[in-house]
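Take a look at the letters that make up each chain.
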Amino acid sequence: PAIQETIDGWPKLANGKLDLTQAPVRLLAIVNRMDVRNIDKGSAGEGRFVFGVLDASGNPRQFTMIFEYNLPAQTLADVRQWGKVWHELGTKTLGSPEYNSALQAVTDKFSLNGLQSGRANGNPINQVRTNEIALAGPWELREFNLSVTSAGPTRLVPVPVKNNPDLSFNVAGSSNSALLSKYVNKNAVNILLERHETPAQLDPNGVAVASGGTPFTAGSSLNNVPIWNTTGLVVPAGAKLADGTAANVGDLMHKFAINTCNGCHNSREARSGSATFNRFLQINVRSAGVESQLSDFLISTTPVLDPRGTGQSRVFNDLGRRLTDLQTKVIASCPVPVAAVAASTLRTATVSSTTTTNTTTSLGKGSGRVH
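Residues numbered from 1 in each chain as written. Predicted model: local features only at pLDDT ≥ 70, side-chain atom pairs only at ≥ 80, totals over all residues. Heavy atoms only, no water.

Lay out the layout of surface pockets in plain terms, naming residues and giving numbers.
In this structure, the largest pocket spans a volume of roughly 1400 Å³. Around the largest pocket, the lining is made up of 40 residues, and of these Ile7, Trp10, Met65, Phe67 and Leu156 lie nearest the centre. Looking at the lining of the largest pocket, the element that brings in the most residues is helix 1 (residues 2-8), giving 5 residues. Of the residues that constitute the lining of the largest pocket, the class distribution is 26 nonpolar, 7 polar and 7 charged. Volume-wise, the second largest pocket comes out at about 1100 Å³. Of the residues forming the lining of the second largest pocket, the biggest block, 7 residues, is contributed by strand 1 (residues 25-33). Class assignment for the residues of the lining of the second largest pocket results in 25 nonpolar, 10 polar and 9 charged. (1 Å grid on protein atoms, 1.4 Å probe; cavity = no way out; pocket = protein on both sides within 12 Å on 5 of 7 lines; lining within 4 Å. Points joined across faces, edges and corners; volume = space filled by probe spheres on them. Helix = DSSP H or I, 4+ residues; strand = E, 2+ residues; numbered from the N terminus. Nonpolar A, V, L, I, M, F, W, Y, C, P; charged D, E, K, R; others polar.)

How would you explain the packing of aromatic side chains if you had to name every residue and give the values?
For the structure on display, the rule yields 12 aromatic pairs. On the basis of an interplanar angle of 20 degrees and a centroid distance of 6.1 Å, the ring pair of tryptophan 86 and phenylalanine 110 is categorised as stacked. Separated by 24 residues along the polypeptide, tryptophan 86 in helix 2 (residues 76-87) and phenylalanine 110 in helix 3 (residues 97-111) bring together distant segments of the chain. You'll find tryptophan 86 and phenylalanine 110 in the same group, each marked buried. Note on tyrosine 183 and phenylalanine 216: the rings are 5.0 Å apart at their centroids and 55 degrees apart in plane angle, and the pair reads as tilted. (Phe/Tyr/Trp six-rings, centres within 6.5 Å; stacked < 30°, edge-to-face > 60°. Buried < 20%, exposed > 50% of the residue type's maximum accessible area, 1.4 Å probe, protein only.)

Can you explain the confidence of the model for the protein? Please cite residues and give values.
Summing up the model confidence of the protein, the mean pLDDT is 90 and the portion of residues at 70 or higher is 92%. Contacts from residues 337-359, a stretch scored under 50 in pLDDT, to residues over four places away or in other chains number 51 contacts. (pLDDT = per-residue confidence, 0-100. Contact = heavy atoms within 4.5 Å.)

Account for the pairing of strand 5 (residues 139-148), with residues named and values stated.
In this structure, strand 4 (residues 125-132) lies alongside strand 5, joined through 5 bridges in antiparallel fashion. Bridging from a neighbouring strand, glutamate 132 pairs with glutamate 140 of strand 5. The turn linking strand 4 back onto strand 5 is made up of 6 residues. Here strand 5 runs beside strand 9 (residues 221-223); their pairing, made up of 3 bridges, is antiparallel. When the bridges of strand 9 are listed, glutamate 140 appears paired with leucine 222. Pairing of strand 5 with strand 6 (residues 154-159) involves 6 bridges; the strand directions are antiparallel. When the sheet's bridge partners are listed, asparagine 145 is paired in strand 6 with valine 157. Connecting strand 5 to the next strand, strand 6, in antiparallel fashion are 5 residues, including glycine 152 with a positive phi near 115 degrees. (Pairing = 2+ DSSP bridges.)

Which residues make up the environment of glycine 173, and what values do they have?
With respect to the helices and strands, the residue glycine 173 is situated in the loop between strand 6 and helix 4 (175-186). Taking relative accessible area as the criterion, glycine 173 reaches 80% and is therefore assigned exposed. For glycine 173 and threonine 230, which are 57 residues apart along the polypeptide, the C-alpha to C-alpha distance reads 8.4 Å.

Could you give me a rundown of the environment of isoleucine 331, with the residues and numbers involved?
Looking at the secondary structure, you find isoleucine 331 in the loop between helix 9 (318-330) and helix 10 (338-344). The sequence separation of isoleucine 331 and tryptophan 82 amounts to 249 residues, and the corresponding C-alpha distance is 9.5 Å.

Which residues make up helix 2, and what values do they have?
For helix 2, with 12 residues, the first-to-last C-alpha span of 16 Å sits near the 16 Å given by 1.5 Å per residue. Every buried residue of helix 2 is accounted for by Val79, Trp82, Gly83, Val85, Trp86 and His87. (Expected span 1.5 Å × (residues − 1).)

I'd like a rundown of the pattern of salt bridges, residues and numbers included.
Within the structure shown, the criterion is met by 20 salt bridges. For the salt bridge of arginine 33 with aspartate 35, the shortest nitrogen-to-oxygen distance reads 2.8 Å. On the accessibility criterion, aspartate 35 (3% relative accessible area) is buried. The shortest N-O distance in the salt bridge between arginine 308 and glutamate 269 comes to 2.8 Å. On the criterion of sequence distance, the pair formed by arginine 308 in the loop between strand 10 (304-305) and strand 11 (313-314) and glutamate 269 in the loop between helix 7 (261-264) and helix 8 (296-299) is long-range, its members being 39 residues apart. The exposure class assigned to arginine 308 is buried, which follows from its relative accessible area of 18%. The class of glutamate 269 is buried, set by a relative accessible area of 3%. A network of salt bridges, in which partner residues are shared, links Arg33, Asp35, Glu194, Lys255, Asp318, Arg321, Arg322 and Arg369. (Salt bridge = Lys/Arg side-chain N within 4 Å of Asp/Glu carboxyl O.)

Okay, here's the thing in structure tokens:
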């Protein structure tokens, strides 16, 4: 209800439509997420717009929204074509008329109405998400789908947050914590590869059921600095991470946690935020004319220790991970120097300059990470 009240208070024209001369949000970033592609689901990944919500005076609030659109693809050639149009932005000068025109052409390919049949308004949007503390504490993340209601109008309706169990499963020693352990163990291989999807309900053995089980996935994600953890985890013999390295128990809990909303947006788990802005945002809200700040999770190359005391250290640099995926798996040949792409399109610095030949498996399906 508080989100609806916020929208109701945005500046309107006489006909009830938004007065975009007094836009209530400010664009923070346009994001290429081809790393979450899945050709079996008709997707080359997602194109995303991240906005910061403004107050009545145009000042940023602690409130962000992200619009996440499907990049429609039916064939591997479709995936490569999406990679080509994104990648070619790196051949143009950031902010130039030529760059802006090319960027507009890319975003129009996924954000306009009528582009994908079978969806509300023919709109390719997968979901809208919010992350805020402006309405009430603690920080809360929510998810919405575009739907045609029984009354006819198209509305954004609340849906469960993907891959995020209710916080009752994070209470040490509880029956729900034991159930979480069973679920993680049964799905360990897919969790380590970041390709699992949490079900709505679990039976007493941690297996997904359609009804009659224990509710599992949360309706919203509260971010009050929990660190996802449980006991009794076992890694299957020979299990590996997506990069091919051998996995251990610390990896299993981390990969589960980093794929939840309140793990990915957690300052201890993922180093969201940075020393200069709020700890629960990956892209900071900003005033007009100021460049958006990115979190340590997205751009830092400094190793950080696992918060569960395993002694493991990790480098996140997630934009570097996405760039490597684009260059080595999606683009058959990379005509743009890495430094040029890093300085303009993806805002990151430390990646491999090696370009390898695509394989059908890696091209057709990327990471299952949704956050």
